[in-house]
Structure formats: C-alpha cells, structure tokens
Amino acid sequence: MHLRCANTNCAATMDLHDHVLACPVCAELLEIVVDVPAMVAEDLKRVWLERRCSYDPRDVSGVWRFREFLPNDYDEIVTIGEGNNPLVEGRRAADWAGLRNLRFKHLGWNPTACFKDLGMTVGATEALARGAKVVGCASTGNTAASLAAYAARAGLRSKVYLPSGHISENKLAQAIDFGAEIVHVAGSFDVALDRILYEANGSLYFLNSINPFRIEGQKTVMFEMLEQLLWEVPDYVVVPGGNLGNSSAFGKGLLELYGVGFIERLPRLIVVQAEGANPLARMWRDGRADLQAMDKPETLATAIRIGNPRSWKKALHAVQETGGFVMDVNDEEIAEAKMVIGRDGIGCEPASATTLAALRKLTETHKIDRDATVVAVLTGHALKDTEFILRSTLGQPAMQGEWHA
C-alpha cells in the first residue's frame, strides 16, 4: 500500500506512512492505494462473516473486520468496538417519502454516537504507531467528540478547535468528558480549520477527514452495508454532505469493491447538503468546474454547517464515477424529515435527516422511481442535538394517522 495524490493529472506517490497531508507536487489531497487482496471474492466475504463470531478486537470492530482493504501493518490498534451498525427498514419514513424499499444505515450507533468513529479508529491507530503525543482537529462537534474518545483510549492528548457558539452542547460535553483541550474560535468551522492548520506543528497529528487514514475507516460503511444486503447492490445510496469526507470515502469503498469484482454494478451516490451551506450543490446545479466557498454558511443542521469543504474534489469524483448527483434541502424540510424519522422509532441528528428530505423531493418530482432500492445514511444519533428537538417540536401537536404518497 502507498499514498497517492488524489489528482489524477498528478498521481504522485509517497510511502504509506510519510508524514504529509497534501501532495508535495500539486498540494491536492492524498488517498491510500490498497493492495488487491489475494483471496477470491467469495472466500473473503465468507472470512469477513465468520469473524463476527470472534472475540479478537480486530474482528469485533466493524472496521478492522475488513482489514484486507485497510492499512494493517500495526502492532496495536485503537478500537472501541466501532462499526457493526444496523441497517434499519424505514416504514413510516418510506411511506412519507413515497418509496417502497427504504433502509437507513444508522451510523449513530457507534461508540460516540456518530460515523466519525469509523475513521477515527484508523486515524488514531496511525497516530499511535507514528509516536504522536497530541492529536487535533477542527470540528462542528462530532469529530471533536470522536477524536477525544479515541485519543483517550490510545493514551494521547487531544486538542480540538471549535466554532464558538455554533455547536451542540451535547457534542461539546462529550469532548470535555473525554478530556479534550478545547480551543474556541470566533467564526465558522472553516475558520477553525484554517487556524489549526496554521498553528499546528510537528508535535500535533492532524485528524480531520483530509487525513487519508480517516477515509479508509469510513469507507468500510459500504462494505458492511453490502454484506447486510447479501451483496445485492441498492439503486441509490444517499448521504449528507458537509466537509464531504464521508461522500468521498463511500465512493472510494464502492469503487474498490467494484474494481476487484466483489460487486457487479455501482449504486448511484446522492450527496445532500443544507440549503444554507451548499457550495457543492450550487456548483453541481450551475455546472461549474470549481467550487465557490461560502463565507458565512448557515443551517440548523450544525454538523454540516461548512462553507468550504476541503474534500469536494474527492466527493465530486465519487458522485461522477457512480452516476450520482448533488442536491440540497432547506431547514424546514430537514426538520420535518427528522420528525418523521423519529416517529419511525429510529431518530437521528438534524444533518442526517437531509437524506430523507431529499428523497421526498426526488419522488415528488419523479427523479426516483418509488420501486427503487434506497439506502439512506444517518450519520449521527438523535441525542447529539437535543436542543434542536426541543426547539423545533416542543408544543407541536402529535402527528396523527399514517402518511400516504
């Protein structure tokens, strides 16, 4: 395995464990090139399934269980049993969205209640192997909580840069509880990210999703999802879009599985942004070649309140390669969809509900057939932002009856 520039026009290569976050030739982000497993696909699928009966920490983890597609030359891994997240049938939600076959891949069922843990287990493992003493990130809340938890497990210090007054108190409390040093930054997530990049020195190992080891862990969501579907590929995978690391990770995982014959076709990847923080959606809609950052992104879905997503080129590649597209939904649509998901007994944080809100719009405009098979990714647990629930629904009348498309 080795590092490679994600810019296909450059494609410069580096050693896997070189301490770089961007290409030294063209300054684009990096990706990890995995070795093709020697085992036949069906045999490896069986091995992955059999590992679920093992108590080895690498097998208990729903990330490291798929280690043939991960950097795996470590003496010690940092894990809290992440992954193994359920694929839950959407019932009332499917009816509301006008679909017959909707499942939610709920990543809020991770140790710190969001998808970040799936990448952080690999990132923290790499940090420990490098001999790092301090790990850091900028965050809208979820990355901070996850980084702090995995740093604590690894015996590392953690330092998180947060946009002051713009994150859920629930997420802030998690980061504090896990022992993180909190740096409050005046401005948005993008300002916080710029500041940590400016201030970071050789003593701090950077663990935002521009770190390619984070992406490797997050791509295993697609491995697990397909295993749960008995390797029957859905028509669409729908994912919220913030800094776009998840979107790029899912695309990478799908393309790797397709490239070695584990699946015979690709699902179409749909990336959904909030209307007030939608630079990629605007770029897609306008047919532009470059992303125009938003100086003051604004949405109640704080987890994706990002105006300058650093992984946009990787995410765009994933969308294009899978034949997907990018769109946005407004805060009112997000709030309504979140309430519907809650009434289905599932629950999620606001950013996750962009997926269901988008699906309703797509069926209403006949851009998705109601018989399509769809997996919507929920990135965070409902308890990640309880203030949103209380502010948006307290005092509202109970929802009555059933929904009909």
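Every chain begins its residue count from 1, and numbering advances along the sequence as written. Totals for whole chains, interfaces and linings use every residue, but because this is a predicted model, local features are given only for residues with pLDDT of at least 70 and side-chain atom pairs only at 80 or more, for both listing and counting. With hydrogens and water excluded, all non-hydrogen atoms of the structure serve as input to the side-chain values.

1. Things to note about the overall build of the protein
Numbering of helices and strands starts at the N terminus; helices are DSSP runs of H or I of at least 4 residues and strands are runs of E of at least 2. Broken down by element type, the protein carries 14 helices and 13 strands. Just to be clear, the radius of gyration here is over C-alpha atoms, and the globule rule we use is 2.2 Å times residues to the power 0.38. Computed over its C-alpha atoms, the radius of gyration of the protein comes to 20 Å, within 12% of the 22 Å expected for a compact globule of 405 residues. On the principal axes, the C-alpha backbone points of the protein span a range of 55 × 50 × 45 Å. Split into buried and exposed, the 405 residues of the protein put 58% on the buried side. Areas reported here follow the Shrake-Rupley algorithm with a probe of radius 1.4 Å; residue values treat only the protein chains shown as occluding. Surface exposure of the protein reaches about 16300 Å², of which carbon and sulfur atoms provide 49%. Burial here depends on accessible area, computed with a 1.4 Å probe over protein chains only, as a share of the maximum for the residue type. Under 20% is buried, over 50% is exposed, and the range in between is partly exposed.

2. Details of the sheet that holds strand S4 (residues 87-89)
Think of it this way: DSSP has to see at least two bridges between two strands before they count as a pair. An order of S4-S5-S13-S10-S11-S12 is seen for the six strands of this open sheet, with the pairing classed as mixed. This sheet does not close on itself; its edge strands, each paired only once, are S4 and strand S12 (325-329). Averaged over all pairs of adjacent strands, the angle between strand axes in this sheet comes to 25 degrees, irrespective of strand direction. Across three bridges, strand S10 (residues 236-240) lies against strand S13 (residues 373-378) in parallel orientation. Each bridged residue has a counterpart across the sheet, and for Val238 the counterpart in S13 is Ala376. As a rule, the C-alpha atoms of each element are fitted with a line to give its axis, helices using only the stretch in contact, and angles between N-to-C directions run from 0 to 180 degrees.

3. With respect to helix H1 (residues 41-50)
When we look at burial in H1, the residues that qualify are Ala41, Leu44, Lys45 and Trp48. Within H1, the buried residues cover an arc of 105 degrees as seen down the axis, which keeps them to one side. Structural note: H1 exposes Glu42 and Glu50 on the side pointing more than 90 degrees away from its buried face. Contacts are assigned to residue pairs with any non-hydrogen atoms lying within 4.5 Å of each other. Next to the buried residues of H1 lie helix H8 (212-228). In this description, the arc belongs to the directions extending from the helix axis to the C-beta atoms.

4. Focus: the sheet that holds strand S9 (residues 204-206)
Ordered in space as S8-S7-S6-S9, the four strands form an open sheet in which the pairing is parallel. Two strands close off the open sheet at either side, each with one partner strand: strand S8 (181-185) and S9. Each neighbouring strand pair of the sheet contributes to a mean axis angle of 25 degrees, computed without reference to strand direction. As paired strands, strand S7 (residues 157-163) and S8 are joined by five bridges and run parallel to one another. Bridge assignment links Leu162 to a residue of S8, and that residue is His184. Its contacts with the sheet put helix H5 (residues 142-154) on strand S6 (134-138) and S7, and the angle it makes with S7 is roughly 175 degrees.

5. Some words on the side chain of Thr363
Among the secondary structure elements, Thr363 is positioned in helix H13 (residues 354-364). Among the polar contacts made by the side chain of Thr363, one reaches the main-chain carbonyl oxygen of Arg360 at a distance of 3.0 Å. In this structure Thr363 touches Ala97, Gly98, Leu99 and Ile368, once residues within four positions along its chain are discounted. As used in this structure description, the phrase polar contact means that two N or O atoms lie within 3.5 Å; if the pair is within protein, one of them must be able to donate a hydrogen and the other to accept it, and residues adjacent in sequence are counted only when both atoms belong to side chains.

6. As for unusual backbone geometry
Even without glycine at this site, Ala27 takes up a positive phi of about 75 degrees. A positive phi angle is found at Leu230, which is not glycine, with a value near 55 degrees. Mapped onto the elements of the fold, Leu230 is located in the loop between H8 and S10. Note on Leu230: relative accessible area 70%, which makes it exposed.

7. Regarding the state of the cysteines
One covalent bond between the sulfur atoms of two cysteine residues makes up a disulfide. In what follows, a disulfide is any cysteine sulfur pair within 2.5 Å. The final tally for this structure, using the stated rule, is zero disulfides. Left unpaired, Cys23 is separated from the closest cysteine sulfur, that of Cys10, by 3.7 Å. In this model Cys348 remains outside any disulfide bridge; the closest cysteine sulfur is found in Cys114, 13 Å from its own. Residue Cys348 is classed as buried on the basis of its relative accessible area, which comes to 0%.

8. Here we look at the confidence of the model for the protein
Within the protein, residue pLDDT values average 93, and 96% of them lie at 70 or more. Across residues 397-405 the pLDDT falls below 50, and counting only partners more than four positions away or on other chains, this stretch makes 14 contacts in the model. In predicted models, pLDDT denotes the confidence assigned by the predictor to each residue on a 0 to 100 scale.

9. Thoughts on the packing of aromatic side chains
Centres within 6.5 Å are what make two rings of Phe, Tyr or Trp a pair, Trp counting through its six-membered ring; a difference in plane orientation under 30 degrees is then read as stacked, over 60 as edge-to-face, and the rest as tilted. A complete count under the given rule lists ten aromatic pairs for this structure. Here the aromatic rings of Trp48 and Phe66 are separated by 4.9 Å at their centres, their planes lie at 80 degrees, and the arrangement is edge-to-face. One end of the pair, Trp48, is in helix H1; the other, Phe66, is in the loop between helix H2 (57-60) and S4, and 18 residues separate them in sequence. Look at Trp48 and you get buried, because its relative accessible area is 0%. Taken together, Trp48, Phe66, Phe69, Phe223, Trp231 and Phe262 form an aromatic cluster joined through their ring pairs.

10. Topic: the layout of surface pockets
The way it works is a 1 Å grid over only the protein atoms, where trapped points that fit a 1.4 Å probe form a cavity and open points with protein on both sides within 12 Å along at least five of seven lines form a pocket, and then any residue with an atom within 4 Å of a point lines it. Grid points are joined across faces, edges and corners, and a volume is the space filled by probe spheres set on the points. Here the largest pocket defines a volume of roughly 860 Å³. Around the largest pocket, the lining is made up of 33 residues, and of these Ala6, Thr8, Glu31, Lys314 and His317 lie nearest the centre. Contributing elements (two or more residues each) for the lining of the largest pocket: strand S1 (2-5), strand S3 (30-33), helix H9 (245-259) and helix H11 (312-321). Broken down by element, the lining of the largest pocket gets its largest block of residues, seven residues, from H11.

11. Comments concerning helix H4 (residues 116-130)
Along an α-helix, a turn takes 3.6 residues, which lines up residues three or four apart on a common side. Its 15 residues give H4 an end-to-end C-alpha distance of 21 Å, which sits within 8% of 21 Å, the value for a rise of 1.5 Å per residue. The buried fraction of H4 is high, at twelve of 15 residues. Those residues of H4 lying buried are Lys116, Asp117, Leu118, Gly119, Met120, Thr121, Val122, Gly123, Ala124, Thr125, Glu126 and Ala127. Looking at the packing, one finds that the buried side of H4 touches S6, H5, S9 and H8. Where H4 ends, the next residue or the one after it, Gly131, has phi of about 85 degrees, a positive value. By definition here, a helix of n residues has an expected span of 1.5 Å times n minus one.

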